[in-house]
Structures are given as structure tokens and as C-alpha cells.
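Analysis of the macromolecular model
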Amino acid sequence: MAERVTDIGPPKYDKFLPPVIKDNYGKWKYHEILEPGVLMHVAESGAKIFSVRGGSGRLVTTDFIKDVCDLADKFCDGYLRFTSRNNVEFLLTDNSKIAGVKAGMKKLGIPIGATGHSVSNIVHTQGWVHCHTPAIDASGIVKAVMDDLFEYFGSHKLPAQVRIALACCLNMCGAVHCSDIAILGIHRTAPKVNHERLRHLCEIPTTIASCPTGAIRPHPDKNIKSVVINEPRCMYCGNCYTMCPALPVFDAEKGGVALLVGGKVSNSKTPPMFSKLAVPYLPNNPPLWPETVKAIRKILTKYAEGANKWERVGEWVERIGWEKFFEVCDIPFTFQHIDDYRWAYDTYRTSMHFKF
Ligand code: SF4
Ligand code: SF4
């Protein structure tokens, strides 16, 4: 402990700002998207900064970081940043160098785009690379979906921006609850109780308290320090496994993907919205998850055809009605779509207004 350095916080943010941003901090007048992936910000002083945005896999090697740093050294005086959707942005004041940055990005295999009415990077989670509670993988599905939707990354041909997010379990690390299209890992089987391990590994009261439906009870045999699960009450959230390693819930055959749609965080035109269930289950089908890819393309295509300019997916669905959304996207409406959790009543239709 003698040499220990602690509680120093992150380095102060302005240490890394390009001089033009430092000089014009808080004094920006307007910005323009010059072309997909290229932005120009103009300050009150007339100073300009250009940013060239490109996709990243998020899960990247130190070699990748070194390559983008070299590119920033060559054209941007060493300045770059990462966006809140994990895109990389090269920052430069000399617009004659934009072509060089773009050529360098192309050489590194970094696609240019993610501005305006595009499909930007997919905010995603750890999946089978690093977490112990996932029902699906993250990086694999993201790669498969972005390959399929690649044409929308470097173009502005959608009615509005479409935010796609993925979480590999319903802890929902990230943005699935508030995205235009969300890919969510779900289990469809109850956890298996390992009584022998449970008594050594788990705190029983917190395990019981972790269940949102009250499906877990102490073992009826007082001599067995464990729990039992009332399976008809379990909806396979996996929360108890997060608390207790003796309740594994992953099932390679039964777990899979649910798709949600219509969430957004912005207050533009309409208030923020939660995403809602669209497709209850699609199989885990690595490495390319074709069913998931196909279903997302269908939703995106129908949205692109049917939405008005500036209308987000959720706004489009609310305007046409959910019954119409299921019809145009050819998604069967099932009992799983009907909310049955605590405040479900507010989600039912209490009106005669609907479309046949
Ligand atoms: S969403 Fe769930 S499985 Fe994925 S990283 Fe978060 S906790 Fe782990
Ligand atoms: S998986 Fe969820 S619903 Fe099922 S017993 Fe565990 S905490 Fe309860």
C-alpha cells in the first residue's frame, strides 16, 4: 500500500482538446453535415473544426488504437475522440487534409458515416466474450446486423436517425430500453437449482429478494439450506443467477433474441419513449443470426417506406397504430406481447379507436 495512488479521478478533459475547441469553447454558432460522415462546426470567431466519423467494432485491439492514433498524428495534430456510440472521430482544422484522413481510414478498413439520418453504430454489450449472464452474444450479432445494414451507415436515406442497440440479457446494459430497434437476449427456461453448491455460495435472502415475481422460496426441508423455484411463476429473467452462482439459467437451445422497437431518448417533437416488444423470440443462430438480421431489415425497410421525414421509428408506429405496425411488418401478434406485469393495465386499449 506504500506506493498506492488513489482517488485521482480522470485526467481533466480539456487537456485533450484541440486548440481550436479550447479557444472557442462554448462559442459555437452552427454546424453542417458536409457529406455522410463529415461535419463542420463554425464558431462565432469564424474558426472551423471538421470531424470525420468512422465506425469501430468497439471491441478493438491495441493495434487498432495505435493505427488510429498514427492517422490522427499524420493529419489531425494528434487529435481524435470516440463518440457516445463508440464511433471514432478524427478532428482537424485544415479541410484540405480531409481527403487524406478518409483515404487512411479506408486503408484501415474504417467505414465513414454515422451522421444524420443513418444507422449509426450499434451500442452493445459483452456477450459471450466476457460476461457470465448473457443469453446471446453481442459482438457476433452486431457484426451480422451491421453487415446487412451497411448501406445505411454511410448514407442519409432514412426518414430520421435509427438507433440500434443490443443487450445480451435483460439487465439491459446500454440502451436497448430506449432505442429505435433493440436486440435483447432472453432465456426461456427456469434456472436449475444446484442445492449442494447453493448453500456454500449464495446468500439466500438476497437471492429470494432478487426475484421480481416472487417465484423463489426457501427450501421446504429445513435441513436443506437452499431454495426452490416455482417454475410457473418464473419468467426467466436470470436475476437470481446474478445474485447466486448456483442458479445457472443459460440454455443454448432455448435462449435467444427478442426484438423491441420504438424507443428514443431525445425530446425532439415528442417526449422520450421506451422501446416495446415487437418479436418475442428468434433463435440463437451463430455465427450470422440470419433470422434476427432478416427481421431487423424488414422492420427498417417498412419504417423507411412508411415514415414521414424526421419521424423516428416510435413516432411512426404510434401514428399508424401498433396493430398496423404488426400487419405491415408481418409479425404475428402473440400472447407474449400483452403486458402482464404489475402496471400492465395502462398498456391495454381502453378505447374503441382501432383499425381492423
Ligand atoms: S446485458 Fe447482461 S449479459 Fe450483457 S453485459 Fe450486461 S449484464 Fe452481462
Ligand atoms: S429467473 Fe427471474 S423470475 Fe425466474 S426465479 Fe430467477 S429471478 Fe425469479
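Residues numbered from 1 in each chain as written. Chains lettered and ligands numbered in written order. Predicted model: local features only at pLDDT ≥ 70, side-chain atom pairs only at ≥ 80, totals over all residues. Heavy atoms only, no water.

1. Section: the sheet that holds strand β2 (residues 38–43)
So the rule is basically this: At least two bridges found by DSSP between two strands is the condition for calling them paired. Working definition: helices are DSSP H or I runs of at least four residues, strands are E runs of at least two. Numbering for both runs from the N terminus. To obtain each axis, a line is fitted to C-alpha atoms, and for helices this fit is confined to the stretch in contact; angles are then taken between N-to-C directions over 0 to 180 degrees. Any two residues whose heavy atoms approach within 4.5 Å are treated as being in contact.
Pairing in this open sheet of five strands is antiparallel, and the strands run β1-β2-β3-β5-β4 from one edge to the other. Of all the strands in the sheet, the pair left with one neighbour each is β1 (28–35) and β4 (80–82). Each strand of the sheet is rotated relative to its neighbour by a mean of 25°, with strand direction disregarded. Here β4 runs beside strand β5 (residues 88–92); their pairing, made up of three bridges, is antiparallel. Opposite Arg-81, over in β5, you have Glu-89 as the bridge partner. Seen against the sheet, helix α3 (residues 98–108) touches β1, β2, β3 (48–54) and β5 and runs at an angle of roughly 15° to β3.

2. Re α3
Selection rule: Classification of residues uses two cut-offs on accessible area relative to the type maximum, computed with a 1.4 Å probe and protein chains only: under 20% is buried, over 50% is exposed, and between them is partly exposed. As used here, the arc belongs to the directions running from the helix axis to the C-beta atoms.
When we look at burial in α3, the residues that qualify are Ile-98, Gly-100, Val-101, Gly-104 and Met-105. Along the axis of α3, the buried residues cluster in a sector spanning 160°; they form a single face. Away from its buried face, by an angle of more than 90 degrees, α3 presents the exposed residues Ala-99, Lys-106 and Lys-107. Buried-residue contacts for α3 involve β2, β3, α2 (62–75) and β5. In the segment just after α3, Gly-109 is the residue with positive phi, at about 75°.

3. Describing the packing of aromatic side chains
The criterion, for reference: Aromatic pairing here means that ring centres of Phe, Tyr or Trp (its six-membered ring) are within 6.5 Å. Orientation follows from the plane angle: under 30 degrees is stacked, over 60 is edge-to-face, and everything else is tilted. Note on geometry: a ring has a charge over it if NZ (lysine) or CZ (arginine) is within 6 Å of the ring centre and within 35 degrees of the ring normal.
Across all of its chains, the model carries twelve aromatic pairs by this definition. Plain terms: the ring middles of Trp-322 and Phe-326 are 6.3 Å apart, the flat faces sit at 45° to each other, and that makes the pair tilted. Of this pair, Trp-322 and Phe-326 both sit in helix α11 (residues 322–328), four residues apart, which is roughly one turn of the helix. With relative accessibility at 8%, the residue Phe-326 sits in the buried group. A ring pair is formed by Phe-326 and Phe-333, whose centres lie 5.1 Å apart and whose planes are at 80°; its orientation type is edge-to-face. Grouping aromatic residues by their ring pairs yields a cluster made of Tyr-303, Trp-316, Trp-322, Phe-325, Phe-326 and Phe-333. The ring of Tyr-152 carries the charged tip of Lys-157 above its face, separated from the ring centre by 5.4 Å. The ring of Trp-310 carries Lys-309 above its face, with NZ or CZ at 5.4 Å from the centroid.

4. Things to note about the packing of α2 against α3
How we decide: If an angle is under 35 degrees, it is roughly parallel; if it is over 145, roughly antiparallel; if it lies from 65 to 115, roughly perpendicular; otherwise it is oblique. By convention, the crossing between two helices is left-handed when the near helix turns anticlockwise from the far helix through less than a right angle, and right-handed when the turn is clockwise.
Contact geometry for α2 and α3: axes closest at 10 Å, N-to-C directions at 165°. Relative to α3, α2 is oriented roughly antiparallel. Note that α2 runs across α3; the crossing there is right-handed. Here Asp-67, Val-68, Leu-71 and Phe-75 of α2 lie close against α3, whose contacting residues are Gly-100, Val-101, Gly-104, Met-105 and Leu-108.

5. Some points on the sheet that holds strand β6 (residues 164–167)
Overall, mixed pairing links the four strands, which are arranged β6-β7-β10-β11 in an open sheet. Taken across any chain shown, the strands that pair with only one partner, and hence form the sheet edges, are β6 and β11 (276–283). Averaged over all pairs of adjacent strands, the angle between their axes in this sheet comes to 20°, without regard to strand direction. Direction of pairing for strand β7 (residues 181–186) relative to strand β10 (residues 256–261): antiparallel, over a ladder of six bridges. Paired with Ile-183 across the bridge in β10 is Leu-259.

6. Description of the pattern of salt bridges
What counts is decided by this rule: Between Lys or Arg on one side and Asp or Glu on the other, a salt bridge is scored when a side-chain nitrogen of the former is within 4 Å of a carboxyl oxygen of the latter.
Considering all chains together, one arrives at 19 salt bridges under this definition. In this structure, Lys-269 engages Glu-315 in a salt bridge whose closest nitrogen and oxygen atoms are separated by 3.6 Å. Remark: Glu-315 occurs in helix α10 (residues 313–320) and Lys-269 occurs in the loop between β10 and β11; sequence separation between them is 46 residues. The network of salt bridges with shared partners includes Asp-148, Glu-151, Lys-157 and Arg-297.

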